[in-house]
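# Chains, contacts and geometry: an overview
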Amino acid sequence: MRLDSDVRYLKGVGEKRAALLYRLEIFTVGDLIRYYPRTYEDWSNPLAIDEAPLDTPCCVRGIVDHNPTAQLIRKGMTIYSTRVTDGRSVMRVTIFNSKYAAEKLAEGEEYLFFGKISGNNYYREMTSPEIRPVNAGQKIRPIYSQTASLTTNAIEKLVAGALAQAGSEIGETLPGYIIKEQGLMPLKEAIQNIHFPKDRLTLERARNRLIFEEFLLLQLGLARLKGREKSATPVVLKNDCTREFFSLLPFAPTGAQKRAVREAAEDMKSGLPMNRLLQGDVGSGKTAVAAALIYSAAKNGYQSALMAPTEILAQQHFKTLSALLEGTGISLALLTGSTKASEKKKIIAGLKEGEISLVIGTHAIIQDTVTFKALGFIVVDEQHRFGVRQRGALFEKGDNPHMLVMSATPIPRTLALIIYGDLDISVLDELPPGRIPVETYAITGDKRARAYGYVKKFLNEGRQGYVVCPLVEGSEETDAAAAQDYVQELAAGAFYGYRLGLLHGKMKPKEKEKVMLDFVTGQVQLLVSTTVIEVGVDVPNAVIMVIENAERFGLSQLHQLRGRVGRGSERSTCILISDAMGGETRRRLEIMTKTTDGFKIADEDLKLRGPGDFFGSRQHGLPDLRFAEMLTDTRLLTLTRDATQKILAEDYYLESPENFYLRKAVEELFTRGGRGGLN
Ligand code: ADP
Ligand code: MG
C-alpha cells in the first residue's frame with residue numbers, strides 16, 4: 001500500500017471510519033502514520049505504591065487483597081472497591097459503574113494499575129485506573145487525541161495496521177550527511193518508535209529526530225520566504241534624521257528605543273524593503289519609535305501610513321503623533337469609517353498630491369479610493385488583529401514600501417523566531433523611567449466583597465476601573481449571556497448607584513466603540529467586560545482591575561489584561577480572584593504578583609502551559625507543528641538553526657540531488673500551512 005492512498009483502503013477502515021478520520025484531517029495512509037501520539041502511558045516501569053507520585057498519571061504494581069465489593073450509591077451508580085498491596089504499602093482502588101472492569105480483578109492476583117493516585121502519605125487511592133495483568137507485556141503505550149467516536153485505542157489499532165501495510169514505503173527526507181553529522185535516527189525507525197516505542201531511550205531518540213526534522217523544514221522554508229520578499233525597493237532614506245527627531249522629543253528616548261530606531265533605519269537605508277516586527281510590552285513606547293521613522297521618511301520625501309485595528313486606537317495615535325510631530329512641518333490626517341465625506345475627500349486629495357505626509361486610520365485607509373503620491377513606510381499596530389490580506393492591501397499602495405508591525409504581546413525569543421520567522425525583530429525590553437508597577441494581589445472568592453469595597457473607594461475618588469467577568473466554559477454566546485447576568489448582579493448589588501458599562505464579544509463593533517468611548521470620556525466608571533477589552537486603549541484614569549476566574553487565563557493573557565491599568569502616574573492595582581488556589585494555580589498567580597515584566601511572564605507561561613496560547617493568537621498560516629513542545633527545547637533549536645544556515649549557504653535552492661527530498665518536504669509543509677508555494 002502507498003502512503004498517499006486514501007485511508008479508506010486500509011484494512012478495517014470502512015466508509016464510516018474513514019469519515020471519522022477525515023474529521024481529524026487524516027486523509028491518506030501517510031497522514032495516519034504521521035498522526036503522532038499526544039502522550040504516552042508508561043507501563044514499562046511500574047512503581048511501588050509508596051514511590052508513586054500523587055496526582056500524576058503513573059503505573060503501579062500490586063496484589064489484589066479481596067475481590068472488589070460493590071456498593072450502590074444511588075440509582076444507576078455503583079462503586080466497586082478493593083485494596084491493593086505490594087507488601088510495603090496499601091492503596092485503595094475504586095471503580096465507578098464498571099462491573100466489567102471490577103470483575104477483571106481477582107483476589108490474590110497481581111496487576112498493573114495506571115492512573116492518578118490521590119490522597120496523602122497515609123492514605124492512597126486510585127480511581128478508575130486502567131488495569132492489566134502483570135504478565136501482559138509491559139510497554140509504553142501511545143495515547144492519541146481522540147474524538148467522541150474514535151477512541152485512542154481504535155486509533156492505535158489503525159496506526160498499527162497502517163504501519164504494517166505501508167511502513168516499508170516510508171522514505172528518508174533528510175540527506176545522509178545531516179543524519180550522519182547529527183547522529184539522527186532514520187525516519188522509518190523514528191516513526192515506528194514514536195508510535196510504539198521500544199523503550200524510553202528509543203522514544204527520546206525518535207522524538208529528537210522528528211523534532212529536528214520539523215524544525216529544520218520550518219526554518220528552511222521561513223528563510224526562503226524571507227529571502228523572497230527581498231527584492232529591491234526604490235524607497236531609500238538618504239538622510240537619517242533620527243537625532244534631529246530625538247532632540248524634539250519632550251523626553252529622552254530609552255536605550256531600547258534608540259536601538260530599535262537604529263535597526264529599522266538601517267533597513268530603510270539599505271535599498272531592500274524592511275519587514276520588521278517591533279515587540280514591546282504595553283507602555284514601552286512603541287509609538288515614539290514609529291514616529292522617529294515616520295519623521296525620517298517624511299524628511300526624505302516619503303509618505304507614511306499607520307493602521308490601527310479600531311477607531312479609538314486610531315484616534316489615540318492621531319492625538320499622540322500630532323503632539324510628537326508638532327512644529328516639525330509634517331502634516332498628518334486621521335481617516336476612519338466615521339470621517340465625514342467632505343473631510344475624507346480632502347484627505348484623499350491631500351494624500352494623492354503628497355501634501356499630507358502621514359495618514360493614521362483604521363482599515364478605512366486601505367480602501368481603493370485612497371492613493372499616495374509616494375508611500376514609503378507602513379506601520380501596522382497590534383498586528384495580530386489584521387490578516388495578511390489587509391497588510392498586503394496597504395503594501396500595494398506603495399512601491400515596495402518599508403513595513404513595521406508593532407505588537408504588545410511579549411513572546412519568548414525562541415518562539416518569536418518561529419512564529420515570526422519571516423520578519424526581522426526589534427525588541428523594546430526597557431520601560432521608560434518612572435513607571436510605577438501595577439500592584440497585584442491574588443485572593444480567593446470569599447474576599448470578593450472586600451475587593452469590591454476597595455474598588456468603590458477608587459470610584460468614589462473619581463477614578464475608574466475594570467472588572468473582567470467570570471468565564472463560562474463554552475461559546476461566546478454563553479459568555480455574553482453570563483456577562484449580562486453578572487453586570488446586572490453588580491449593578492443591583494455591590495455597585496448599586498455607580499455607572500457601569502458592559503463589553504462582550506457578541507456586541508456589534510459600533511456598540512463596542514460606544515461603550516469604550518463612554519469609558520474614555522468618564523461616563524462609565526466601571527467597565528465590566530469579558531476578555532475583549534480593547535488592546536492598547538489608554539485610559540490613564542483607570543487604576544484598578546479585578547479579574548474573576550483568574551486560574552482560567554494564561555499568564556500572558558493576564559498580563560495583557562493587567563496592562564489596561566497602570567498607564568498614568570498613579571499607583572494602580574490588579575486583583576486576581578480564584579477559588580482554585582491549588583498548588584499549580586497558586587504558583588502561576590504568584591508569578592503575576594511578583595513581576596510585571598511581560599517577557600519573564602511569557603517565558604514562565606511557555607514553560608507551564610506550552611505554546612498553544614501563543615499560536616492561538618497568530619492568524620495566518622504557520623505550518624502546524626506537531627511537536628510544538630519543541631519550542632522549549634533551545635538546544636535543538638540552536639542545532640537546527642546552525643544546520644539550516646549551513647544547508648542554505650551550500651545549496652540555497654535545495655537543488656542538489658542529496659537535498660531533493662528535503663526540498664519536497666519543505667514545499668509540502670508550506671503548502672499545507674497555507675503560505676502558498678515557495679519561489
Ligand atoms: P506602547 O508601546 O504601549 O504603544 P506608547 O507608545 O503608547 O506605548 O507609550 C506610552 C507612554 O510612554 C506615552 O505616554 C509616551 O509618551 C511615553 N513615553 C514613550 N517613550 C518615553 C520615554 N523614553 N520616556 C518617557 N516617556 C515615554
Ligand atoms: Mg501602542
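Residues numbered from 1 in each chain as written. Chains lettered and ligands numbered in written order. Predicted model: local features only at pLDDT ≥ 70, side-chain atom pairs only at ≥ 80, totals over all residues. Heavy atoms only, no water.

## Observations concerning the overall build of the protein
Check the secondary structure of the protein and you find 23 helices and 22 strands. Counting over 679 residues, the protein shows a buried share of 51%. For the protein, restricting intrachain contacts to residue pairs at least 6 apart in sequence, the fraction spanning at least 24 positions comes to 73%. On the protein, roughly 31400 Å² of surface is accessible, and the fraction owed to carbon and sulfur atoms is 50%. (Helix = DSSP H or I, 4+ residues; strand = E, 2+ residues; numbered from the N terminus. Buried < 20%, exposed > 50% of the residue type's maximum accessible area, 1.4 Å probe, protein only. Contact = heavy atoms within 4.5 Å. Areas by Shrake-Rupley, 256 points an atom, 1.4 Å probe, with all protein chains shown as cover.)

## Let's talk about the site of ligand 1
Around ligand 1 sit 14 residues in total, of which Gln-257, Gly-283, Lys-286, Thr-287 and Arg-435 are the nearest. Within the contact set of ligand 1, an oxygen atom lies 3.1 Å away from a backbone nitrogen or oxygen of Gly-285. Contact between ligand 1 and Thr-287: an oxygen atom at 2.5 Å from a side-chain N or O atom of the residue. Its free accessible area being 570 Å², ligand 1 has 74% of it covered by the protein chains. Here the residues of the shell around ligand 1 sort into five nonpolar, six polar and three charged. (Near = heavy atom within 4 Å. Polar contact = N/O pair within 3.5 Å; in protein donor to acceptor, adjacent residues only side chain to side chain. Nonpolar A, V, L, I, M, F, W, Y, C, P; charged D, E, K, R; others polar.)

## Here's the deal with the pattern of salt bridges
Applying the stated criterion across every chain, the model contains 27 salt bridges. Note that Glu-41 is salt-bridged to Arg-141, the shortest N-O span being 3.6 Å. Of this pair, Glu-41 sits in strand β1 (residues 39-42) while Arg-141 sits in strand β9 (residues 140-143), and the two are 100 residues apart along the sequence. Accessibility classification places Glu-41 together with Arg-141 in one group, the buried group. (Salt bridge = Lys/Arg side-chain N within 4 Å of Asp/Glu carboxyl O.)

## Some remarks on the nonpolar core
Membership of the largest hydrophobic core comes to 36 residues, with the highest contact counts inside it found for Phe-245, Leu-293, Phe-377 and Leu-404. When contributions to this core are tallied by element, the ones reaching two or more residues are α8 (242-248), α9 (255-269), α10 (286-299), α11 (311-324), β13 (358-361), β14 (375-380) and β15 (402-407). With nine residues, the single largest contributor to this core is α10. Those residues in contact with Phe-245, other than ones at most four positions away along the chain, are Ala-288, Ala-291, Ala-292, Tyr-295, Leu-324 and Leu-325. Core analysis: the next-biggest nonpolar cluster, separate from the first, contains 33 residues, Val-7, Leu-20, Leu-24 and Tyr-40 among them. (Core = buried A, V, L, I, M, F, W, Y, C linked by side-chain atoms within 4.5 Å.)

## So, the environment of Val-455
Among the structural elements, Val-455 can be located in helix α15 (residues 448-460). A residue is classified by how much of its surface remains accessible, and Val-455, at 1% relative accessible area, is buried. Sequence separation between Val-455 and Tyr-466 is 11 residues; the distance between their C-alpha atoms is 9.1 Å. Not counting chain neighbours up to four residues away, the residues in contact with Val-455 comprise Phe-495, Leu-526, Ile-544 and Val-546.

## A short note on the side chain of Gln-279
As for its position among the elements, Gln-279 is in strand β10 (residues 275-280). In contact with Gln-279, not counting residues within four places along its chain, are Ser-407, Thr-409, Pro-410, Ile-411, Ser-426, Val-427, Leu-428 and Phe-599.

## What about the sheet that holds strand β18 (residues 464-468)?
With respect to topology, six strands assemble into an open sheet ordered β17-β22-β21-β18-β20-β19, the strand pairing being parallel. Single-partner strands in this sheet number two, and they are β17 (439-443) and β19 (500-503). With direction set aside, neighbouring strand axes in the sheet form an average angle of 15°. Two elements, β17 and strand β22 (residues 573-577), share five bridges in a ladder whose sense is parallel. Bridged to Tyr-441 within β22 is Ile-575. Docked against the sheet, helix α18 (residues 555-562) engages β17, β18, β21 (542-547) and β22, running at close to 150° with respect to β21. (Pairing = 2+ DSSP bridges. Axes fitted to C-alpha atoms, helices over the stretch in contact; angles between N-to-C directions.)

## Here we look at the sheet that holds strand β11 (residues 303-307)
Strand order in this open sheet of seven strands is β12-β13-β11-β14-β15-β10-β16, and the pairing throughout is parallel. Two strands lie at the open edges of the sheet, namely β12 (332-335) and β16 (424-428), each paired on one side alone. When strand polarity is set aside, the average angle formed by the axes of neighbouring strands in this sheet is 20°. Contacts between α9 and the sheet are confined to β10, β14, β15 and β16, with β16 contributing the most and set at about 160° to the helix. Each of β11, β12 and β13 is contacted by α11, which is oriented at about 170° to β12, the strand it contacts most.

## Quick notes on the packing of α10 against α11
One way to put it is that α10 packs onto α11 with a least axis distance of 11 Å and a crossing angle of 55°. It follows that α10 is oblique to α11 by the angle criterion. As α10 runs across α11, the sense of the crossing is right-handed. Every residue of α11 that contacts α10 at Thr-287, Ala-288 and Ala-291 is listed here: His-317, Thr-320, Leu-321 and Leu-324. Residues that form the contact of α10 with α11 fall into these classes: four nonpolar, three polar and no charged. (Parallel < 35°, antiparallel > 145°, perpendicular 65-115°, else oblique. Left-handed = near helix turned anticlockwise from the far one by under 90°.)

## Topic: helix α17 (residues 509-520)
Between its first and last C-alpha atoms α17 spans 16 Å; for 12 residues at 1.5 Å apiece the expected length is 16 Å, and the two agree. Buried within α17 we find Lys-512, Val-515, Met-516 and Phe-519. Along the long axis of α17, the arc covered by the buried residues comes to 100°, so they all point the same way. Those residues of α17 that are exposed and angled more than 90 degrees off the buried face are Lys-510 and Lys-514. (Expected span 1.5 Å × (residues − 1). Arc of directions from axis to C-beta.)

## Structural notes on the confidence of the model for the protein
Model confidence for the protein is summarised by a mean pLDDT of 86, while 89% of its residues fall at 70 or above. For the stretch residues 612-628, pLDDT sits under 50, and the model shows 55 contacts to residues farther than four places along the chain or on other chains. Taken together, the stretch residues 673-679 has pLDDT below 50 and engages in 24 contacts with residues farther than four places along the chain or on a different chain. (pLDDT = per-residue confidence, 0-100.)

## Some points on the packing of α11 against α17
The contact between α11 and α17 brings their axes to 10 Å, and the two run at 40°. Between α11 and α17, the angle falls in the class oblique. Residues Glu-311, Ile-312 and Gln-315 of α11 lie in contact with α17, whose contacting residues are Glu-513, Met-516, Leu-517 and Val-520.

## What about the pairing of β15?
Burial within β15 is extensive, with six of its six residues counted as buried. Neither face of β15 is open: one carries His-402, Leu-404 and Met-406, the other Met-403, Val-405 and Ser-407, and all of them are buried. Across four bridges, β14 lies against β15 in parallel orientation. Bridge assignment links Ile-378 to a residue of β15, and that residue is Met-403.

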